[in-house]
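# Tertiary structure, described
Listed here are the chains, written in short residue letters.
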Amino acid sequence: MRDDVQSLSALTALLAQEWTQPAPEAAHVVAAEIQHRHAEAIDAVLFYGSCLRTQQTTDAVLDFYVLVRSYRSCYDRPLLRWLNALLPPNVFYIEVRQGTRTLRAKYAVISTADFEAATTPAVIPAIIWARFCQPTRLVFARSEEVQERVIHAATQAALTFLSRVIPFFARNNFTRSFHLADLWQRGFRETYRTELRTERLETIRALYAASPERYDHIARLGLQHLGQQGRCVCREKDGQWSVAIPRSTRWTGRVSWAVRATGAKCLYAVRLFKTALTFDDWLPYVLWKLGRHSGVWVELSERQRRYPLLFGWSVLFKLLRQRALR
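The structure displayed is predicted, hence computed values, not measured ones.

### Quick look at the pattern of salt bridges
Counted under the stated rule, the structure contains seven salt bridges. Residue Glu40 pairs with Arg142 through a salt bridge whose shortest N-O separation is 3.4 Å. Highlighted residues: Glu40 in the loop between helix H2 (25–38) and strand S1 (42–48) and Arg142 in the loop between strand S5 (136–141) and helix H7 (144–165), separated in sequence by 102 residues. Exposure remark for Glu40: the relative accessible area of 54% places this residue in the exposed category. Taking relative accessible area as the criterion, Arg142 reaches 34% and is therefore assigned partly exposed. Salt bridges linked by common partners bring Glu40, Asp43 and Arg142 together as one network.

Next comes the structure, spelled out in structure tokens:
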């Protein structure tokens, strides 16, 4: 077996082992309801995010990606199909009862083909490849073929992340050395800069700190594969790494992040507007988040729940009077 194929197989096996580990029971409960909503359209359900990292599913919002065979098979409404195809994913909110507690979750819908494409270096936005080089659980897969496609996409996401970040560290003559923690944290910091919201450095550091051995293992295999493909030259000594790539590749790699940040922020703003059209029960979700942070809890009438854009203004005025909004 060629060295580059061997390193790629090792990376894929590592991610397959991780992604197929059992997910928390709460994730399965929510995933079952999502499957009930979209029936036969679903290829796979992915659970990721802070609830997976911390294993805390109480008083939190669980995060999912739902991969579907096609948008036509997923929706009855043409508008939702069109929006999802134009700018994937569509994002929805869901609440599910588990015993005496309410589980809250967001889930993003994207076709399996669009998901696979979004993990490759050809795609500028980092929304998929930066997210799914992080720990994930494959809660449901329709078949072994789908599972293989999803794991392969996860492998590609990790390789794309690494290839996009190494221009910040590469030198022609290996004069700069770095730790793998620096590589991941710089990458996370740059991808958060492509969003409208910023993230605290402590949160960015916590992403890597939650599983440093896992991230280091992925980086070693990924850098080895990129090197064997001739995309970079890597050296490692006493836990420190150095990378060499052509000057032109280093320059275009850095410029691409500036382009990515500008373009992604514009797309992010459009996605926020689109989410207002697709996010079921967005007003209860916003009020719940507000209550967690401010301590001000507001109960909605049935009419306000059903027609928030028409009858939700009184809630806004009430929050302003109580100074919960500023």
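### What to know about empty space enclosed by the protein
Under the defined criterion, the tally for this structure stands at one cavity of 30 Å³ or more. Empty space within the largest cavity amounts to approximately 40 Å³. Around the largest cavity, the lining residues are Tyr48, Gly49, Leu52, Arg53, Arg131, Gln134, Pro135 and Tyr215. For the lining of the largest cavity, the residue count by class is four nonpolar, two polar and two charged.

### Some thoughts on the packing of aromatic side chains
Tallying each qualifying case throughout the model produces 16 aromatic pairs. Judged by centre distance (5.2 Å) and plane angle (35 degrees), the ring pair of Phe47 and Phe64 falls under tilted. With Phe47 in strand S1 and Phe64 in strand S2 (residues 61–68), this pair connects stretches of sequence that are 17 residues apart. With a relative accessible area of 0%, Phe47 lands in the buried category. Classification of Phe64 as buried rests on a relative accessible area of 1%. Stacked on the ring of Phe168, the Lys or Arg Arg186 has its end atom at 3.9 Å from the ring centre. Taking NZ or CZ as reference, Arg214 lies 4.7 Å from the ring centre of Tyr215, over its face.

What counts and what doesn't
Residues numbered from 1 in each chain as written. Predicted model: local features only at pLDDT ≥ 70, side-chain atom pairs only at ≥ 80, totals over all residues. Heavy atoms only, no water. Salt bridge = Lys/Arg side-chain N within 4 Å of Asp/Glu carboxyl O. Helix = DSSP H or I, 4+ residues; strand = E, 2+ residues; numbered from the N terminus. Buried < 20%, exposed > 50% of the residue type's maximum accessible area, 1.4 Å probe, protein only. 1 Å grid on protein atoms, 1.4 Å probe; cavity = no way out; pocket = protein on both sides within 12 Å on 5 of 7 lines; lining within 4 Å. Points joined across faces, edges and corners; volume = space filled by probe spheres on them. Nonpolar A, V, L, I, M, F, W, Y, C, P; charged D, E, K, R; others polar. Phe/Tyr/Trp six-rings, centres within 6.5 Å; stacked < 30°, edge-to-face > 60°. Lys NZ or Arg CZ within 6 Å of the ring centre and 35° of its normal.

Note that every value here comes from positions in space, so none of it alone points to a role or purpose.
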